[in-house]
Amino acid sequence: MGKKVLVVDDERLIVKGIKFSLVQDDMEVDCAYDGEEALEMAKKTEYDIVLLDVMLPKMDGFEVCQRIREFSNMPIIMLTAKGDDMDKILGLEYGADDYITKPFNILEVKARIKAIMRRSSKRVTEDEKKKVFEKNGLKIDCDSRRVFVEGSEVKLTAKEYDLLELLSFHPNKVYSRENLLNIVWGYDYPGDVRTVDVHIRRLREKIEKNPGEPLYIHTKWGVGYYFQD
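Residues numbered from 1 in each chain as written. Predicted model: local features only at pLDDT ≥ 70, side-chain atom pairs only at ≥ 80, totals over all residues. Heavy atoms only, no water.

The chain carries the name Stage 0 sporulation protein A homolog in an unreviewed UniProt entry, which gives Anaerobutyricum soehngenii as its organism.

Undergrad: So what's going on with the overall build of the chain? Which residues, and what values?
TA: Looking only at helices and strands, the chain features eight helices and eleven strands. Per-residue burial over the chain gives 49% buried out of 229 residues. Residue pairs at least 24 apart in sequence account for 59% of intrachain contacts in the chain once pairs closer than 6 positions are excluded. (Helix = DSSP H or I, 4+ residues; strand = E, 2+ residues; numbered from the N terminus. Buried < 20%, exposed > 50% of the residue type's maximum accessible area, 1.4 Å probe, protein only. Contact = heavy atoms within 4.5 Å.)

Undergrad: Please give an account of the sheet that holds strand β9 (residues 152-154) that cites residues and values.
TA: Ordered in space as β6-β7-β8-β9, the four strands form an open sheet in which the pairing is antiparallel. Each end of this open sheet is capped by a strand with a single partner; those strands are β6 (132-135) and β9. Neighbour-to-neighbour, the strand axes of the sheet open up by a mean angle of 25 degrees, direction not taken into account. Of the strand pairs in this sheet, strand β8 (residues 146-149) and β9 are connected by three bridges, and their pairing is antiparallel. Looking at β9, one finds that V147 is bridged to V154. Across the sheet, helix α6 (residues 158-168) is in contact with β6, β7 (138-141) and β8; its angle to β7 comes to roughly 110 degrees. (Pairing = 2+ DSSP bridges. Axes fitted to C-alpha atoms, helices over the stretch in contact; angles between N-to-C directions.)

Undergrad: An account of helix α3 (residues 61-68) is requested, with residue identities and associated values reported.
TA: For α3, every residue scored as buried is listed here: G61, F62, V64, C65 and I68. For α3, the buried positions fall inside an angular range of 160 degrees around the axis, keeping them on one side. Among the residues of α3, the N-terminal cap falls to D60, whose side-chain oxygen and the backbone nitrogen of F62 are separated by 3.1 Å. (Arc of directions from axis to C-beta. Polar contact = N/O pair within 3.5 Å; in protein donor to acceptor, adjacent residues only side chain to side chain.)

Undergrad: Any chance you could break down the UniProt feature "modified residue: 4-aspartylphosphate" (unreviewed entry) in the chain for me, citing the residues and the numbers?
TA: As annotated by UniProt and renumbered to match this structure, "modified residue: 4-aspartylphosphate" (unreviewed entry) occupies D53. Looking at the element boundaries, D53 is found in strand β3 (residues 49-53). For D53, a relative accessible area of 3% puts it in the buried group. Those residues in contact with D53, other than ones at most four positions away along the chain, are V8, D9, D10, G61, L79, T80 and K102. (UniProt positions renumbered as here; feature names shortened; annotations may be inferred.)

Undergrad: I'd like a description of the pattern of salt bridges, backed by residues and values.
TA: The final tally for this structure, using the stated rule, is 18 salt bridges. Here the salt bridges share partners, and the residues they tie into one network are D9, E11, D53 and K102. (Salt bridge = Lys/Arg side-chain N within 4 Å of Asp/Glu carboxyl O.)

Undergrad: Requested: an account of the pairing of strand β2 (residues 28-32), with residues and values cited.
TA: Put simply, side chains in a regular strand alternate between the two faces of the sheet. In this structure, strand β1 (residues 4-8) lies alongside β2, joined through five bridges in parallel fashion. When the sheet's bridge partners are listed, K4 is paired in β2 with E28. Viewed along the sheet, the connection from β1 through helix α1 (residues 12-24) into β2 turns out right-handed. (Right-handed = clockwise from strand over helix to strand, strands pointing away.)

Undergrad: Can you break down the nonpolar core residue by residue, with the values?
TA: By size, the foremost hydrophobic cluster in this structure holds 28 residues, and its most contacted members are L138, I140, L164, L180, I207, I217 and F227. The residues touching L164, leaving out its near neighbours within four places in the chain, are L138, I140, V147, L156, L203, I207, I217 and F227. Of all hydrophobic cores here, the second largest spans 24 residues; its members include A32, F62, C65 and L92. (Core = buried A, V, L, I, M, F, W, Y, C linked by side-chain atoms within 4.5 Å.)

Undergrad: Would you mind going over helix α2 (residues 35-44) in detail, with residue names and values included?
TA: Since the α-helix turns once every 3.6 residues, residues separated by three or four places project in the same direction. Of all the residues in α2, the buried ones are G35, A38, L39, M41 and A42. Across the axial projection of α2, the buried residues extend over an arc of 165 degrees, all falling on one side. Residues of α2 that are buried make contact with β1, β2 and α3. The N-capping residue of α2, defined by a side-chain oxygen 3.0 Å from the backbone nitrogen of E36, is D34.

Following this line, the structure appears as structure tokens:
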């Protein structure tokens, strides 16, 4: 069964082109042309990935992304016509896993999709992987990919979870931002290392009591990040 993708853009020619290309790769593609329609479709179907334009009628892409994050961690790639860095970072702050700036090449879109869908490869090998990781009130259930802090479940996006699992299963090992980008997003990922910083910051805000003085994920200044044992 092919991967199920939701493509959201009010420019129908763009949607048509993306759908045609993804169907050639045996993906099942649904389409939406405004924010409200996209949100309703996401509520009814658990997609493998959502391609979500920022500028949409009725409800913009950032709000759609934020609303989807209230009930699902399905991967979301934002599509933006603006090259402004703040727009890109804002998209990640709302819970997106990645962003692509228009105009884009469909081959780049496919590369990003494959990088984000690459769940288990290069993360934690099966012999390293325990069913459950527990440390200082943090619990990671690897089979269900669920995370709990002091008994309360914390909703993480796919990439936030991947980062946490990688760091926690290799305690005290310092990973550079480039290294994390390569391992979690993939060596063919064409994105920016600042993506890692945004995800780490957002992860800390979710699992740390005091993100400014983290208990779990620490910064090795000038080097990278590590999980303190």
